[in-house]
Amino acid sequence: MAKKQKSFHQPEYYLNRELSWLRFNERVLEEAQDTANPLLEQLKFLAIFSSNLDEFFMVRVAGLKDQVTAGYNRPDNKTALTPKQQLEQIAAVNRLLTERQYTHFKKTIQPKLSKEGIEEKRAQDLSTDEYRKLEKHFKNYILPVLTPMAIDAFRPFPKLSNKSLNLAVVLEFGSERKLAIVQVPAVLNRTVFIRDSSYIMLEDVISEFIGILFSGSRVISVSPFRITRNADLTIHEEGARDLLREIEKELKKRKWGAAVRFEYMEKRMDSDVLSLLMKVLELEDQDLYQLDGPLDLTFLFKLYKELEQEHEHLVFETAIPQPPADLHNDNVMNVLQERDVFLHHPYESFQPVVDLMMQAAEDENVLAIKQTLYRVSGDSPVIAALARAAEAGKQVTVLVELKARFDEENNIQWAKQLEKAGCHVIYGITGLKTHSKITLIVRHEENRIQRFVHLGTGNYNDSTAKLYTDMGMLTTKESFGIDATNFFNYLSGYSAKPEWMEIATVPFEIREAFLKQIDLEIKSHKEHGDGQIIAKMNSLTDKPLIMKLYEASCAGVQIDLIIRGICCLKPGVKGVSENIRVTSILGRFLEHSRVFYYRQHGADKIYLSSADWMTRNMEKRIEIVFPVYDDDMKARILDVLHISLQDNQKARRMHSDGSYHYVKNDHPPVNSQVLLQEMAQGESEDS
């Protein structure tokens, strides 16, 4: 009788996506609390924590609230939590985390900054001379920018934009009280420096002198508050004659979505004003967050930049990306004629990719350049190279993903600029985001066509390439060149889905490729007993892939998952995932590369990909997964994975209840990012 297949559908085998994300943001907060990080770097991690939360509320919480409003009560497919239950648990967990954030900021970070001469001041702390200078600054530079908005029968409650910081001002005119709103101008710096590195918050300056704005009245109270709104775009692609114009229209709506979070300072909020604002903004108690300190700690990003040069001992030493070990400063195209090239950012420079693009733009034998763009930098040399190539008469095709969340406006501008330069700009396939990272350069050489291909795990962004860990491969192998040609023709034309020689792509197909490799590892383990999978990614949420990993674990395959962010899989569950370990590494660089290793009884199959193991990547995006064949390249990638698993400084191990704890062992200390940086430096010096 055949053995019954074990079911992996039980909710207790999974973690909720949103609650797992909050665990990730908790690890970001731990970096702010890690004294091994320089003081201003700790400050920056507090800002990252806040920035992450903003996006989480604008998209994920907003989506759940929309479901509740629509009466949608269907549980999620893994943990069986309804949208309402998820919102309740999110609010409970997040209150504890934000309380930790502000307690750490006020009781630990600020006292340490004070010892360095970096102090937040109040108006009452200033000397008479300083106070007069501050008042003059207010009158000359702040007052002209302010707009008081009275609220009465003739002037209704104003529209307050997303993430705006506002002051609710209660005024007394004789025996009558009235309310006005003053928006803290986002165009002004949140910190007003008094002397050296001492500063006073902009909202405190406005509050101190706000009576000047309302002459003839008495100021009763000034209550700072901040609104976060639903900012997830709804793009109706079907029937939209112009996708670019449709997205531009939706971007304007982003500022005015439904309120999903209301933050206020607990000691300065007028209770009557709070009741009124809750009613006007249609807020519930779980949407309110009382904070003990300045609202919106993302201002710490700019404060960091203002202080870093004068306080270099409080920031990380400058990390200089090294020339890639496979290039040694040689001409990229010449090297590629002989061998494939591996790139590992930010330890190795992204410049060779830029150099290849510039070289292709200038080379009279280059006939065409094709590239996908998801997120690029503000002053992108990649965009400049593409424009130069088009102006030189080459065929340049660029797939610009207009739906890259929160980069839509930026990408619209790039699309227009590229079209003006003569590039063919396409926007992908209806209903799908093109998240692939691929470049194809077609060059005429003697009596043949030579194709240069770049494939990677990260965006064509020279700025984030210094901050994100990503991997890339440059190759002239014919099979990759044919796949690249077919890939771009498939996206830009009406051709049927090609039969790929090397890559896997398009929705569902890429999931099948991953499932197939796990099945092969299970089969290999049953034959040889040495099955091993190491998978590195940003997030894991896809249920079919999680179930397949559970199946592999039950078969005895040893599985290590290196997952920076969300993980809905529970490791170490008896009879389900006892052979699975989950490690999360958070450090100076953002772990972004997607790497998949299958031992295959010594065959060591390695794949790189633009895709995380998330349902959206499997079903709603155009991704690429590609194999690595070169033995030296495979050895380098495997070294990176092993070093990551040896980390006992920045690595956390996940427990079956979803909690994370730092890896503690008696081994010599290993900070994987520092070690990889030192190895890249050593390679550069040896060359």
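Everything below is about the structure printed above this text.
What counts, and where the lines are drawn
- Residues numbered from 1 in each chain as written.
- Predicted model: local features only at pLDDT ≥ 70, side-chain atom pairs only at ≥ 80, totals over all residues.
- Heavy atoms only, no water.
- Helix = DSSP H or I, 4+ residues; strand = E, 2+ residues; numbered from the N terminus.
- Areas by Shrake-Rupley, 256 points an atom, 1.4 Å probe, with all protein chains shown as cover.
- Lys, Arg positive; Asp, Glu negative; His and termini not counted.
- Charge placed at Lys NZ, Arg CZ, Asp CG, Glu CD.
- Axes fitted to C-alpha atoms, helices over the stretch in contact; angles between N-to-C directions.
- Parallel < 35°, antiparallel > 145°, perpendicular 65-115°, else oblique.
- Left-handed = near helix turned anticlockwise from the far one by under 90°.
- Contact = heavy atoms within 4.5 Å.
- Nonpolar A, V, L, I, M, F, W, Y, C, P; charged D, E, K, R; others polar.
- Pairing = 2+ DSSP bridges.
- Buried < 20%, exposed > 50% of the residue type's maximum accessible area, 1.4 Å probe, protein only.
- Expected span 1.5 Å × (residues − 1).
- Right-handed = clockwise from strand over helix to strand, strands pointing away.
- Core = buried A, V, L, I, M, F, W, Y, C linked by side-chain atoms within 4.5 Å.
- Salt bridge = Lys/Arg side-chain N within 4 Å of Asp/Glu carboxyl O.
- Polar contact = N/O pair within 3.5 Å; in protein donor to acceptor, adjacent residues only side chain to side chain.
- Phe/Tyr/Trp six-rings, centres within 6.5 Å; stacked < 30°, edge-to-face > 60°.
- Lys NZ or Arg CZ within 6 Å of the ring centre and 35° of its normal.

*Asks:* Would you take a moment to explain the overall build of the protein for this structure?
*Replies:* A count of helical and extended segments in the protein gives 18 helices and 27 strands. Within the structure as shown, the protein displays about 30600 Å² of accessible surface, and the carbon and sulfur contribution to it stands at 47%. Each charge sign in the protein was given a centre, from 88 positive and 99 negative side chains, and these centres are 5 Å apart.

*Asks:* Would you explain the packing of helix H1 (residues 17-33) against helix H2 (residues 39-69) in this entry?
*Replies:* Helices that pack against each other are described as a pair by the angle of their axes relative to one another and the distance between those axes. Viewed as axis vectors pointing N to C, H1 and H2 meet at an angle of 165°, and their least axial separation amounts to 8 Å. In terms of orientation, H1 and H2 fall into the roughly antiparallel class. Between H1 and H2 lies a crossing of left-handed hand. Facing H1, whose interface residues are Arg 17, Glu 18, Trp 21, Leu 22, Phe 24, Asn 25, Val 28, Leu 29, Glu 31 and Ala 32, H2 presents Gln 42, Phe 45, Leu 46, Ile 48, Phe 49, Asn 52, Leu 53, Phe 56, Arg 60 and Leu 64. For the contact of H1 with H2, the per-class residue count stands at 13 nonpolar, three polar and four charged.

*Asks:* Just checking my understanding: could you explain the sheet that holds strand E19 (residues 558-563) for this structure?
*Replies:* Two modes of strand pairing occur in sheets, parallel and antiparallel, and in both the strands are linked by backbone hydrogen bonds. What the nine strands build is an open sheet, ordered E17-E25-E23-E22-E18-E19-E20-E26-E27; its pairing is mixed. Each edge of the sheet is formed by a strand with only one pairing partner; in this case those strands are strand E17 (504-505) and strand E27 (660-662). Bridging between strand E20 (residues 580-585) and strand E26 (residues 651-654) involves three bridges; their strand directions are antiparallel. Bridge pairing in E26 places Ser 584 opposite Arg 652.

*Asks:* Honestly, the pairing of strand E2 (residues 165-173) in this entry has me stumped. Any pointers?
*Replies:* A regular strand carries its side chains on alternate faces of the sheet. Burial runs high along E2: eight of the nine residues are buried. Taken together, the eight bridges between E2 and strand E6 (residues 218-229) define a ladder with antiparallel strand orientation. Residue pairing across strands places Ala 168 opposite Ser 223, the latter belonging to E6. Where E2 folds back on strand E3 (residues 176-183), the antiparallel hairpin that results is connected by two residues, among which Gly 174 adopts a positive phi of roughly 65°.

*Asks:* Explain helix H15 (residues 543-555) to me, please; I cannot follow it from the model alone.
*Replies:* The α-helix winds at 3.6 residues per turn, so residues separated by three or four positions along the chain end up facing the same way. A rise of 1.5 Å per residue sets the reference length of H15, with its 13 residues, at 18 Å; its end C-alpha atoms lie 18 Å apart and thus fit the reference within 8%. All of the buried residues in H15 are Lys 543, Leu 545, Ile 546, Met 547, Lys 548, Leu 549, Tyr 550, Ala 552 and Ser 553. Structurally, H15 contributes buried residues whose contacts are with helix H14 (509-528), E19, E20 and helix H16 (615-619). Following H15 by one or two positions, Gly 556 has its phi on the positive side, about 105°.

*Asks:* Where do I start with the pairing of strand E18 (residues 532-537) in this structure?
*Replies:* Burial analysis of E18 places five of its six residues in the buried class, which makes it a mostly covered element. Pairing geometry for E18 and E19, over six bridges, is parallel. Paired with Gln 532 across the two strands is Gln 558, which belongs to E19. Between the parallel pair E18 and E19, the chain is carried across by H15, and the sense of this crossover is right-handed. Pairing of E18 with strand E22 (residues 595-598), which is carried by four bridges, proceeds in the antiparallel orientation. Residue pairing for E22: Lys 536 is matched across the bridge by Val 595.

*Asks:* Can you walk me through the nonpolar core in this structure?
*Replies:* Generally speaking, soluble globular proteins have nonpolar side chains that are buried together. In terms of nonpolar packing, the biggest core is built from 111 residues, with Leu 540, Leu 561, Leu 569 and Trp 613 touching the most fellow members. Residue contacts for Leu 561: discarding those within four places in its chain leaves Ala 535, Leu 540, Leu 549, Leu 569, Ile 580, Arg 581, Val 582 and Thr 583.

*Asks:* How do you make sense of the pattern of salt bridges when you look at a structure like this?
*Replies:* Between side chains of opposite charge, a pair can form as their charged atoms come close. In the structure shown here, the tally under the stated rule is 43 salt bridges. Of the charged contacts, one joins Asp 129 and Lys 133 as a salt bridge, the two residues approaching to 3.5 Å between their closest N and O atoms. Placement of both Asp 129 and Lys 133 in helix H4 (residues 128-142) is noted, with a separation of four residues, approximately one turn of the helix. Its relative accessible area of 45% is what places Asp 129 among the partly exposed residues. Judged by its relative accessible area of 56%, Lys 133 is exposed. When salt bridges with common partners are traced through the structure, they connect Asp 54, Arg 190, Glu 203, Arg 226, Arg 261, Glu 263 and Asp 296 into a single cluster.

*Asks:* It is not clear to me how the side chain of Ser 217 should be interpreted in this structure. Could you clarify?
*Replies:* Of note, Ser 217 is situated in the loop between helix H5 (202-208) and E6. There is a polar contact of 2.7 Å between the side chain of Ser 217 and the backbone oxygen of Phe 214. Residues within four places of Ser 217 in sequence aside, it is in contact with Leu 171, Glu 172 and Phe 173.

*Asks:* Mind showing me how you'd approach the packing of aromatic side chains here?
*Replies:* Describing an aromatic ring pair means giving the distance of the ring centres and the angle of the ring planes. If you walk through the whole model with that rule in mind, you get 20 aromatic pairs. Plain terms: the ring middles of Phe 57 and Tyr 289 are 5.7 Å apart, the flat faces sit at 85° to each other, and that makes the pair edge-to-face. Taken together, the residues span a long stretch of sequence, with Phe 57 in helix H2 and Tyr 289 in strand E8 (residues 288-291) at a distance of 232 residues. Note on Phe 57: relative accessible area 3%, which makes it buried. Connected via pairs of aromatic rings, a cluster forms that spans Trp 21, Phe 24, Phe 56, Phe 57 and Tyr 289. The ring of Tyr 289 has Arg 95 lying over it, and the distance from NZ or CZ to the ring centre is 4.6 Å. Positioned over the ring face of Phe 173 is Lys 178, at 5.7 Å from the centre of the ring.

*Asks:* Help me understand the sheet that holds strand E7 (residues 259-265) in this model?
*Replies:* If you walk across this open sheet you meet the six strands as E1-E3-E2-E6-E7-E8, and the pairing is mixed. Looking at strand neighbours, the two that pair on one side only are strand E1 (148-151) and E8, the edges of this open sheet. Each neighbouring strand pair of the sheet contributes to a mean axis angle of 30°, computed without reference to strand direction. Of the pairings in the sheet, the one linking E1 to E3 comprises four bridges and is antiparallel in character. Counterpart to Pro 148 in the pairing with E3 is Val 182. Strands in contact with H2 are E6, E7 and E8; relative to E7, the strand with the most contacts, it is inclined by about 135°. Together, E2, E3, E6, E7 and E8 form the strand contacts of helix H7 (residues 271-281), whose direction differs from that of E7 by roughly 170°.

*Asks:* How do you make sense of the packing of H2 against helix H8 (residues 299-308) when you look at a structure like this?
*Replies:* Contact geometry for H2 and H8: axes closest at 8 Å, N-to-C directions at 160°. The angle between H2 and H8 falls in the class roughly antiparallel. As for how H2 packs across H8, the hand of that crossing is left-handed. On H8, the residues that touch Leu 40, Glu 41, Leu 43, Lys 44, Leu 46, Ala 47, Ile 48 and Ser 51 of H2 are Leu 300, Phe 301, Leu 303, Tyr 304, Leu 307 and Glu 308. A per-class count over the contact of H2 with H8 returns 10 nonpolar, one polar and three charged.

*Asks:* Any chance you could explain the side chain of Arg 621 here in plain terms?
*Replies:* If you trace the backbone, Arg 621 turns up in strand E24 (residues 621-622). Buried within the structure, Arg 621 lacks any salt-bridge partner; Glu 623 is the closest side chain of opposite charge, at an N-O distance of 4.3 Å. Here His 435 takes part through its side chain, which lies 3.5 Å from a polar atom of the side chain of Arg 621. In contact with Arg 621, other than residues within four places in its own chain, are Tyr 374, Leu 432, Lys 433, His 435, Val 506, Pro 507 and Arg 616.

As far as function goes, none of this settles anything; it's purely spatial.
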